[in-house]
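Listed below, chain by chain, are the residues.
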Amino acid sequence: AKFYGENGKKIELKDKENTLAIKEQIENSPFVAASVKKSTKKKSPEPPFITSTLQQEASRKLNFTTARTMQTAQQLYEGINIKGRGQIGLITYMRTDSLRIADDARAQAKSYILAEYGDKYYPKTPRIYKAKKNAQDAHEAIRPSYTDIAPDSIKDSLTSDQYKLYKLIWSRFISSQMTDALYDT
């Protein structure tokens, strides 16, 4: 540990006696925050899911095994009977390592973000993520088939696992198309 004593002179805490003497000296002294440095930090949104990132995030956030994640994703992909809508495939193909997003999906996300959150939350230029060099680009990134089908609007048509995973995929996709998050530091 280091102690900056009077006039900012650095004092090394080398032994117990030295440390206890300094502790005694400062124990009843007032402490003052002389200055506070404030700033804003930007954080770009994460890209939409690929197979590996979906598995990692489902494990981390939902405590799902890889098999449970993929089985649930398969159900969402093949289709769920949604009350009032019929059988709908809720997500795109879940075995992919591409970050490509179809133009119509990007347009749907833009419409949703502008309607729900306003201009402030949609970037001036659409976000386009680049895949790794060896990525197979046959399928686009894992995303909801229809951005207007929010997870909470169909919760009663889904099992608990289906709802949790769909919400994870839907939220990640929508946020991937939004502006940078701003944090006060």
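Okay, so let's go over this structure. For clarity, every value in this text was computed on a predicted model and none was experimentally measured.

1. Re the environment of Gln-74
Relative to the elements of secondary structure, Gln-74 occurs in helix 3 (residues 66-78). By relative accessible area, which is 24% here, Gln-74 ends up partly exposed. Each C-alpha atom, one on Gln-74 and one on Asn-134, is 24 Å from the other, the two residues being 60 residues apart in sequence. Setting aside chain neighbours within four positions, we find Gln-74 in contact with Met-94 and Arg-95.

2. A closer look at the packing of aromatic side chains
Tallied over the full model, the rule gives four aromatic pairs. Between Tyr-77 and Tyr-93, the aromatic rings sit 5.3 Å apart at their centres with planes inclined by 70°, giving edge-to-face as the arrangement. Pair noted here: Tyr-77 is in helix 3 and Tyr-93 is in the loop between strand 5 (86-88) and helix 4 (103-116), with a separation of 16 residues, a long-range link. When the centroid spacing of 5.2 Å and the interplanar angle of 85° are considered together, the rings of Tyr-112 and Trp-170 count as edge-to-face. In this pair, Tyr-112 is assigned in helix 4 and Trp-170 in helix 5 (residues 160-176), connecting sequence segments 58 residues apart. The residues Tyr-112 and Trp-170 share a single accessibility class, namely buried.

3. Details of helix 5
Across its 17 residues, helix 5 extends 24 Å between first and last C-alpha, which sits within 8% of the 24 Å expected from 1.5 Å per residue. Residues Gln-162, Tyr-163, Leu-165, Tyr-166, Leu-168, Ile-169, Trp-170, Arg-172, Phe-173, Ile-174 and Ser-176 constitute the buried set of helix 5. Of the surrounding secondary structure, the elements contacted by the buried residues of helix 5 are helix 2 (51-62), helix 3, strand 4 (80-82) and helix 4.

4. A closer look at the side chain of Ser-176
Within the element layout of this structure, Ser-176 appears in helix 5. Of note is the side chain of Ser-176, whose polar atom sits 2.6 Å from the backbone oxygen of Phe-173. The contact partners of Ser-176, leaving out residues within four places of it in the chain, are Pro-45, Glu-46, Pro-47, Pro-48, Arg-127 and Tyr-129.

Criteria and thresholds
- Residues numbered from 1 in each chain as written.
- Predicted model: local features only at pLDDT ≥ 70, side-chain atom pairs only at ≥ 80, totals over all residues.
- Heavy atoms only, no water.
- Helix = DSSP H or I, 4+ residues; strand = E, 2+ residues; numbered from the N terminus.
- Buried < 20%, exposed > 50% of the residue type's maximum accessible area, 1.4 Å probe, protein only.
- Contact = heavy atoms within 4.5 Å.
- Phe/Tyr/Trp six-rings, centres within 6.5 Å; stacked < 30°, edge-to-face > 60°.
- Expected span 1.5 Å × (residues − 1).
- Polar contact = N/O pair within 3.5 Å; in protein donor to acceptor, adjacent residues only side chain to side chain.

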